[in-house]
Amino acid sequence: MADFLQLLISGLATGAIYALAAIGFTLLWQTSQTINFAQGEFVMLPAFFALVAMTWLGLPFAVAVVIAIVCSMLVLGLMFKVVVVQPLIKQGVLPLVISTIALSVLLKEGVKDVYSAEAQPFPTLFPDVTLSVAGVAVSLAQVGVLVVAFGTIVALQWFLGATRIGRQMQATAQNPTVARILGVPVERMILYTFLINAVLAAMASILISPIYLAKFSNGESLGLAAFVAAIVGGFNQVRGAIVGGLLIGVVDNLAAAYVSTSYRQAVPLILLVAIILFRPQGLLGRREERAV
Amino acid sequence: MKRATLLGLAFALGLAMPVMAQDTIKIPNIIELSGGGATVGNNWKNGSQLAAEEINAAGGILGKKIRLEFVDTASDPGKARAAVQRALDEEPIAIFGPIYSGSVSATLKLTADAETAQIMGGEAANLTAQGSKYLFRTSFGQNVSMPKIANYLRDEVKAKSVAVVYVNNDFGKGGRDAIIKELKERNIAVAADLSTEAGQADFAADVIKLKGANADAIFVYLNEEESARFLREAKKQGLNRPLIGETTLLGQKVIDLAGDAADGVKGHVGLTVDAPIPAIQEFGRKFQARYNYKPDHNGVKGYIAVYMLKAAAEKAGKLQPKAIAAALHGLTITPDKTPGILIEATWDDTGEIDRISFLGEVKDGKQVITQILPKLKK
C-alpha cells in the first residue's frame with residue numbers, strides 16, 4: 001500500500017506538470033483554433049531563460065524565475081501570436097500546424113546552438129527535504145510541485161469563471177462573432193490566452209526542469225505527454241486537460257511498477273487509442289462544444 | 001587584363017589547393033554531439049581537439065598536420081551509419097567514433113568493408129566479438145569491466161544478492177547480460193533485473209521496485225543523464241543500499257548533474273582524470289583550463305584516440321588505412337615514447353584494449369580513487 005501511495009503521489013506531481021502544458025493546448029485551440037505542436041518546446045525554453053539570467057547575468061534564482069516568466073510572455077505569448085499565428089491562421093489550420101512544427105525545431109536547435117546540447121542541472125524552488133509519512137517517502141519538492149501546479153490551475157479556473165475578462169474570454173471561445181457584436185474585444189482576449197499559455201508553460205518549465213534536468217530536447221517527451229493528456233481529457237475543456245494530465249502521470253508510474261518498465265511508455269498511448277475509439281471527445285470533453 | 005589576372009589567380013589557387021590538402025590529413029569524428037549522448041560526444045570532441053592541436057604543434061603525424069572533422073550523429077545509429085558511409089567515401093586514413101555502442105554496431109561493417117581502422121568509444125561486449133579486424137576500443141569492453149565489477153561486489157561489498165538496473169539500449173543490454181553472467185558464476189543472486197528507457201526522466205517506480213527487491217547492493221548501468229536522475233530519485237526516496245556502477249555512474253558529469261545525490265556511489269572506473277597518475281591529472285588540468293569544465297572518461301578517450309592513431313601510423317611508417325589497422329593489432333603504446341597515451345595500453349587481435357583500471361567512490365561531490373587494478377595481461 002505504501003508503494004502504491006508513493007507511486008500515486010509521484011505520478012500526480014508529474015501529471016500536474018503535464019496538466020499545465022495540456023491546458024495550453026486547449027486554451028489556444030478554443031480561442032484561436034491553434035494546435036501548437038511546439039508546446040513541448042514552450043515548456044523547455046523558459047528554463048533556459050532562467051539559466052541565462054543566472055549563469056550569464058549572474059542573477060539570483062528568484063529573479064531569474066521572474067525573468068523567465070516575463071521573457072516567456074513576450075516570446076512565447078506576444079511574439080508567437082503576432083509573428084506566427086496571426087499571419088498564418090488566415091491560411092487555415094494546416095499551414096499553422098506545420099508552422100508550429102517548424103517552430104519547435106527552431107526553438108530546439110536554437111537552444112542547442114546558443115546554450116548547450118548537454119543537460120544542465122536546474123535549481124528547485126523547494127528545499128531538498130524528504131519526509132516519511134506512514135512509510136511513504138514524500139519530498140518537499142513533490143509537495144511543492146503539486147501545490148504550485150494546483151494553485152495555478154485553481155487560479156486560472158477562478159480567473160476564467162469569476163472575472164469579467166475571464167468571461168469575455170469564454171465568450172470569445174464559444175462564439176467570436178457574437179462576442180464581437182456584444183462588444184467583447186476579441187483580439188485582445190485571444191492575446192490574453194496566448195499570454196496565459198506562456199505563463200503556464202513557464203510554470204511547468206520551472207517545476208519540471210529540476211527533475212528532467214534542463215535540456216534542449218526535453219520538449220519532445222513533454223509535448224507528447226501534454227498532447228496525449230489533452231486528447232484523453234478532452235481537447236475542448238480545460239478541466240479535461242487537467243484530468244488528462246494527472247491521469248497520464250499516474251498511469252505512467254503505475255504501468256512502470258505493475259505492468260512492465262519496458263512497456264511503460266506504451267501504456268498511455270494504448271489509453272489514447274482506446275479513448276479515440278470509444279470516446280473521441282475525451283473523458284470530459286463535449287461534442288462540438290467550445291469553452292475555455 | 002583584369003580577366004587574365006583573375007584567370008591566372010584561379011589557376012594558381014587550383015595548383016595550390018591540392019598541395020594544401022596533401023599537407024593536411026582529415027580525420028572524421030562521427031560522434032554524439034546532440035541527443036542523449038551529447039555529454040559523451042562533446043567530451044570526446046574536446047579531448048580529441050586538444051590532442052590534435054598538440055600533435056600539430058609538434059609537427060603532426062609523419063610530417064602531416066591533422067584536421068579533425070566533427071559530424072553529429074544526434075545519438076542516432078541510422079544517422080551514424082549514413083555519416084560513416086559519407087566519410088568513408090573520401091577514403092580517410094581512419095574513422096573516429098561513434099561512442100554509443102548501438103551506433104558502433106551499426107557502422108562497424110562499413111569500416112571493415114572499407115578496410116579502415118575505426119577507433120571508437122563503444123563498450124558493449126559484442127562489438128569486438130563480431131570479427132571485424134578494423135575496430136579498436138579506447139575503453140574497456142564490458143567483457144573486461146564486468147568481471148572486475150563482479151569481483152568487487154563479491155570481495156569488497158560482500159554482496160550475496162544484487163539488483164541490476166540498466167538502460168534499454170545496446171550499451172545497457174550488453175552490460176546487463178555481462179554482469180548477470182558474472183554474478184551467477186560467483187553465486188551472487190540477482191534480486192531484480194530492471195530495464196529503463198534511454199531519456200527516461202521519472203525513476204520513481206524503478207526506485208520503489210528496487211527498494212522492494214531488498215538486495216545487498218544495486219548495480220546501476222545507465223547513461224550519464226539518466227544516472228543523475230536515478231541518483232536524485234534514489235536519494236529522495238531514501239534508497240539506502242550500496243549503489244555500485246561502472247565508470248559512468250562515478251563520472252564527473254553525473255556528479256555535476258546529480259549534486260550531493262551522487263555521494264556514496266562506488267564502483268569500477270576504467271578511465272578518470274582523478275587517477276593518481278601525474279600524466280592523466282595533467283591532461284585534466286589542460287582540459288579544464290581550455291574548456292572550463294572537468295572532463296569525464298570520454299574526454300580522455302577522445303584524447304588518446306588521436307595518439308593511438310599517431311603511434312600506429314608511425315609504426316606502420318605510412319598513412320595508409322589498412323597498414324594503420326594492422327599496426328594497431330598487438331601494439332603496446334607506452335607513455336615514455338608517446339606521452340599523450342597517458343597510461344600504457346595494449347590492443348589485441350580483436351581490437352580489445354588492456355590497461356590498468358581503478359576502483360573509486362564519490363565523496364563530497366568528488367570522485368576519489370581508492371585502488372588501482374593491474375592490467376589483465378602483463
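Residues numbered from 1 in each chain as written. Chains lettered and ligands numbered in written order. Predicted model: local features only at pLDDT ≥ 70, side-chain atom pairs only at ≥ 80, totals over all residues. Heavy atoms only, no water.

Chain B is annotated in an unreviewed UniProt entry as Amino acid ABC transporter substrate-binding protein from Vineibacter terrae. The Sequence similarities (unreviewed entry) field of the UniProt record for chain B holds the comment "Belongs to the leucine-binding protein family." (UniProt positions renumbered as here; feature names shortened; annotations may be inferred.)

Chain A is annotated in an unreviewed UniProt entry as Branched-chain amino acid ABC transporter permease from Vineibacter terrae. Quoted verbatim from the Subcellular location (unreviewed entry) field of UniProt, the annotation for chain A is "Cell membrane". Turning to chain A, the UniProt record has this under Sequence similarities (unreviewed entry): "Belongs to the binding-protein-dependent transport system permease family. LivHM subfamily."

(A) Molecular detail of the sheet that holds strand 11 (residues 332–333) of chain B. Residues and elements named next belong to chain B. Strand order in the open sheet formed by 3 strands is 11-12-13, and the pairing between neighbours is antiparallel. Each edge of the sheet is formed by a strand with only one pairing partner; in this case those strands are strand 11 and strand 13 (353–354). Bridge count for strand 11 against strand 12 (residues 345–347) is 2 bridges, and the pairing is antiparallel. Considered in strand 12, the bridge of Thr332 is made with Thr346. (Pairing = 2+ DSSP bridges. Helix = DSSP H or I, 4+ residues; strand = E, 2+ residues; numbered from the N terminus.)

(B) Region of interest: the interface of chain B and chain A. Each partner contributes residues to the interface: chain B has 31 residues there, and chain A has 30 residues. For the pair chain B and chain A, the two sides together bury roughly 2500 Å², of which 49% comes from carbon and sulfur. Considering only the side of chain B, the residues that lose the most area to chain A are Asp202, Ile208 and Lys236 of chain B, jointly responsible for 22% of the buried surface there. A salt bridge links Lys253 of chain B to Glu118 of chain A, with the shortest nitrogen-to-oxygen separation between them at 3.2 Å. Our enumeration of links across chain B and chain A arrives at 13 residue pairs in polar contact (both at pLDDT 80 or more). At the level of secondary structure, the elements contributing two or more residues to the side of chain B that touches chain A comprise helix 2 (38–57), strand 7 (189–196), helix 7 (204–213), helix 8 (224–236) and helix 9 (252–258) of chain B. Here the side of chain B that touches chain A is built from residues that sort into 9 nonpolar, 8 polar and 14 charged. (Contact = heavy atoms within 4.5 Å. Buried area = accessible area lost by both parts, 1.4 Å probe. Salt bridge = Lys/Arg side-chain N within 4 Å of Asp/Glu carboxyl O. Polar contact = N/O pair within 3.5 Å; in protein donor to acceptor, adjacent residues only side chain to side chain. Nonpolar A, V, L, I, M, F, W, Y, C, P; charged D, E, K, R; others polar.)

(C) Spotlight on the domain arrangement of chain B. Residue and element names in this part refer to chain B. Annotation of chain B at the domain level lists domain 1 (2–140 + 278–347) and domain 2 (144–269 + 358–373). Facing 15 residues of domain 1, the contacting portion of domain 2 comprises 16 residues. Carbon and sulfur atoms make up 60% of the surface buried where domain 1 meets domain 2, a total of about 1300 Å² over both sides. Together, Thr39, Phe140 and Lys294 form the three largest contributors to the area buried by domain 1 at its contact with domain 2, with a combined 36%. At the boundary of domain 1 and domain 2, one finds 1 residue pair in polar contact (both at pLDDT 80 or more). Taken together, the elements giving at least two residues each to the side of domain 1 that touches domain 2 come down to helix 2, helix 4 (101–113) and helix 11 (297–316). Across the side of domain 1 that touches domain 2, the residue classes tally to 6 nonpolar, 6 polar and 3 charged. (Domains from an automatic or database assignment.)

(D) Just the UniProt feature "transmembrane region" (unreviewed entry) in chain A, in detail. Residues and elements named next belong to chain A. Here the UniProt feature "transmembrane region" (unreviewed entry) sits at residues 7–29, 49–80, 92–111, 131–160, 190–213 and 266–284. For residues 92–111, the end-to-end C-alpha separation is 29 Å, with 95% helix and 0% strand making up the annotated structure. For residues 190–213, the helix share is 96%, the strand share is 0%, and the end-to-end C-alpha distance is 32 Å.

(E) Inspection of helix 5 (residues 142–155) of chain B at higher detail. Residues and elements named next belong to chain B. Compared with the 20 Å implied by 1.5 Å per residue over 14 residues, the 19 Å span of helix 5 between its first and last C-alpha is a close match. Most of helix 5 sits out of view: 10 of its 14 residues are buried. Regarding helix 5, the residues found buried are Gln142, Val144, Ser145, Met146, Pro147, Lys148, Ile149, Ala150, Tyr152 and Leu153. (Expected span 1.5 Å × (residues − 1). Buried < 20%, exposed > 50% of the residue type's maximum accessible area, 1.4 Å probe, protein only.)

(F) View of the packing of aromatic side chains. All names here are of chain B. Counted by the stated rule, this structure contains 18 aromatic pairs over all chains. Members of the aromatic cluster, connected to one another through ring pairs, are Phe283, Phe287, Tyr291, Tyr293, Tyr303 and Tyr307. The cationic tip of Lys45 hangs over the ring face of Phe70; the distance from NZ or CZ to the ring centre is 5.5 Å. Just above the ring of Phe140 sits the side chain of Arg355; from NZ or CZ to the centre is 5.9 Å. (Phe/Tyr/Trp six-rings, centres within 6.5 Å; stacked < 30°, edge-to-face > 60°. Lys NZ or Arg CZ within 6 Å of the ring centre and 35° of its normal.)

(G) Representation of the UniProt feature "domain: Leucine-binding protein" (unreviewed entry) in chain B. The feature "domain: Leucine-binding protein" (unreviewed entry), as annotated in UniProt, sits at residues 24–365 of chain B in this numbering. Secondary structure within residues 24–365 of chain B divides into 43% helix and 20% strand; the distance between the first and last C-alpha atoms comes to 42 Å.

(H) Highlighting the packing of helix 1 (residues 2–32) of chain A against helix 8 (residues 186–212) of chain A. All names here are of chain A. Close contact between helix 1 and helix 8 brings their axes to 8 Å; oriented N to C, the two are set at 165°. The pairing of helix 1 with helix 8 is recorded here as roughly antiparallel in orientation. Handedness of the crossing formed by helix 1 with helix 8: left-handed. Here helix 1 contributes Ile17, Tyr18, Leu20, Ile23, Gly24, Leu27, Leu28, Thr31 and Ser32 to the contact with helix 8, which in turn contributes Ile190, Thr193, Phe194, Ile196, Asn197, Leu200, Met203, Ala204, Leu207, Ile208, Ile211 and Tyr212. Tallied by class, the residues present in the contact of helix 1 with helix 8 amount to 16 nonpolar, 5 polar and no charged. (Axes fitted to C-alpha atoms, helices over the stretch in contact; angles between N-to-C directions. Parallel < 35°, antiparallel > 145°, perpendicular 65-115°, else oblique. Left-handed = near helix turned anticlockwise from the far one by under 90°.)

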